[in-house]
Amino acid sequence: MARLQQVGFQFGEPVRRKSGGSDFALQHPRNVRAAAAVLNHYYFYLGKVPFADTRKLILQVKEAAPCPDPISTIRCDPLGIGYCSLEYDYKATESLEGQPLKKSLLEAIHAGFTRYCDHFQIQTQPCDEAYKAVIEDGLNFGFYFNKKKSYRDSQSNKKFLLYIKFDWDELSVIAEVYEARSLLGSAFLYSTTPNVDPWAMLVRKPGWSADGDIQLEPIRVEGGVDNCKLSMEQLEEGVTADSLAWSK
């Protein structure tokens, strides 16, 4: 049995990446951004579970009227790519923001997963557990980037971890800095509005500069920053990255 390696959310008809997204997706940016946040949060807990012959599952929201029989849209091709249309009213939810928007998408995503599982006789328990975990998180998606990796300064006893906050309307990167085992503090490195494909290059080349500052190349978006630096003087002392992420 194959394991689920990847999930995707498709608004409208598929397009080439160079075009920047379908017209349908560009007309509903809130739904697209929130869908990316919620789906990745859901998969964060679901993980690479056994999923029949499916290695990648694409959840689809069609521009046309919803199919009267969603089961008829479920299929899995010979390459192990599965497809499932969602019963999701994108017009009604476009006016929503924050928690209500994410909650409506979570319900549609979870229903799509369980319907796909029922069709191929896959256990739905992992999906139910992922759904409950996202609810328990308050639909706030925050995680440590390269969770087991810390970035050490060769010139001192300092290291830092990167924490990512991924919400419906922003991507934020926070540094949590330690000296030996003592937490010095945390601070925002940058925050930006996600584009249609929010996961492209979240963070690149994190490390320490020669003068003892944190530096990295963040996501590249129009009007965004190409690189950033964090001085140790900017740290908010004694604050953990996850509490800082939700308090801003």
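The text that follows walks through the structure, step by step, so that each part is easy to find. None of these values were measured; they are calculated from a predicted model.

Helix and strand content of the protein: six helices and 13 strands. The burial tally for the protein puts 48% of its 248 residues in the buried class. Of the roughly 13100 Å² that the protein leaves accessible, carbon and sulfur atoms contribute 47%.

This next bit is on empty space enclosed by the protein. In total, this model carries one cavity of 30 Å³ or more according to the counting rule given. Volume-wise, the largest cavity comes out at about 30 Å³. Residue lining of the largest cavity: Ala-37, Val-38, His-41, Lys-102, Val-134, Leu-139, Phe-141, Phe-166 and Asp-167, and that is the complete set. Per-class residue counts for the lining of the largest cavity are six nonpolar, one polar and two charged.

Right, let's get into the packing of helix 2 (residues 29-46) against helix 5 (residues 125-136). One can describe the packing of helix 2 onto helix 5 by two numbers: an axis separation of 8 Å at closest approach and a directional angle of 125°. As the angle between them shows, helix 2 and helix 5 are arranged oblique. Two packed elements cross with a definite hand, and for helix 2 against helix 5 that hand is right-handed. The residues of helix 5 that touch helix 2, namely those facing His-41, Tyr-42, Tyr-45 and Leu-46, are Pro-126, Cys-127, Ala-130, Tyr-131, Ala-133 and Val-134.

At a closest axis distance of 10 Å, the pairing of helix 4 (residues 98-119) and helix 5 adopts a crossing angle of 170°. Our classification of the angle between helix 4 and helix 5 gives roughly antiparallel. Residue-level contacts link Lys-103, Leu-106, Glu-107, His-110, Phe-113, Thr-114 and Cys-117 of helix 4 to Cys-127, Asp-128, Tyr-131, Val-134 and Ile-135 of helix 5. For the contact of helix 4 with helix 5, the per-class residue count stands at seven nonpolar, two polar and three charged.

Time to look at the packing of aromatic side chains. Using the criterion set out here, one finds 13 aromatic pairs in the structure. Here Phe-9 and Phe-11 contribute two aromatic rings whose centre-to-centre distance is 5.0 Å and whose plane-to-plane angle is 25°, an arrangement assigned as stacked. The aromatic ring of Tyr-83 is capped on one face by Arg-75, whose charged end is 4.0 Å from the ring centroid. It is Lys-159 that lies over the ring of Tyr-178; its NZ or CZ is 5.8 Å from the centre.

Turning our eyes to something else, we now look at the environment of Leu-235. Along the chain, Leu-235 turns up in the loop between strand 12 (228-230) and strand 13 (236-237). Taking C-alpha positions, Leu-235 is 5.4 Å from Gly-185, a pair spaced 50 residues apart along the chain.

Now for the pattern of salt bridges. Between side chains of opposite charge, pairing is possible as soon as their charged atoms come close. Enumeration over the complete set of coordinates arrives at six salt bridges. In this structure, Glu-97 and Arg-30 form a salt bridge, with 3.1 Å as the shortest nitrogen-oxygen distance. Here Glu-97, found in the loop between helix 3 (90-93) and helix 4, pairs with Arg-30, found in helix 2; they are 67 residues apart in sequence, far enough to count as distant. On the basis of relative accessible area, Glu-97 is assigned to the partly exposed category, the value being 42%. In this structure, the salt-bridge partner of Asp-167 is Lys-102, at a minimum N-O distance of 2.8 Å. In this pair, Asp-167 is assigned in the loop between strand 7 (158-166) and strand 8 (171-179) and Lys-102 in helix 4, connecting sequence segments 65 residues apart. Considered together, Asp-167 and Lys-102 belong to a single accessibility category, that of buried residues.

Quick look at the sheet that holds strand 4 (residues 81-85) now. Taken in spatial order, the four strands of this open sheet run 1-2-4-3, and their pairing is mixed. If you trace the sheet from one side to the other, it starts and ends with strand 1 (6-11) and strand 3 (75-76), each paired once. As paired strands, strand 2 (residues 56-61) and strand 4 are joined by five bridges and run parallel to one another. Residue pairing across strands places Leu-59 opposite Cys-84, the latter belonging to strand 4. On the sheet, helix 2 packs against strand 1 and strand 2 and is oriented at approximately 160° with respect to strand 1. Relative to the sheet, helix 4 contacts strand 1, strand 2, strand 3 and strand 4, its axis offset from that of strand 4 by approximately 125°.

Conventions we followed
- Residues numbered from 1 in each chain as written.
- Predicted model: local features only at pLDDT ≥ 70, side-chain atom pairs only at ≥ 80, totals over all residues.
- Heavy atoms only, no water.
- Helix = DSSP H or I, 4+ residues; strand = E, 2+ residues; numbered from the N terminus.
- Buried < 20%, exposed > 50% of the residue type's maximum accessible area, 1.4 Å probe, protein only.
- Areas by Shrake-Rupley, 256 points an atom, 1.4 Å probe, with all protein chains shown as cover.
- 1 Å grid on protein atoms, 1.4 Å probe; cavity = no way out; pocket = protein on both sides within 12 Å on 5 of 7 lines; lining within 4 Å.
- Points joined across faces, edges and corners; volume = space filled by probe spheres on them.
- Nonpolar A, V, L, I, M, F, W, Y, C, P; charged D, E, K, R; others polar.
- Axes fitted to C-alpha atoms, helices over the stretch in contact; angles between N-to-C directions.
- Parallel < 35°, antiparallel > 145°, perpendicular 65-115°, else oblique.
- Left-handed = near helix turned anticlockwise from the far one by under 90°.
- Contact = heavy atoms within 4.5 Å.
- Phe/Tyr/Trp six-rings, centres within 6.5 Å; stacked < 30°, edge-to-face > 60°.
- Lys NZ or Arg CZ within 6 Å of the ring centre and 35° of its normal.
- Salt bridge = Lys/Arg side-chain N within 4 Å of Asp/Glu carboxyl O.
- Pairing = 2+ DSSP bridges.

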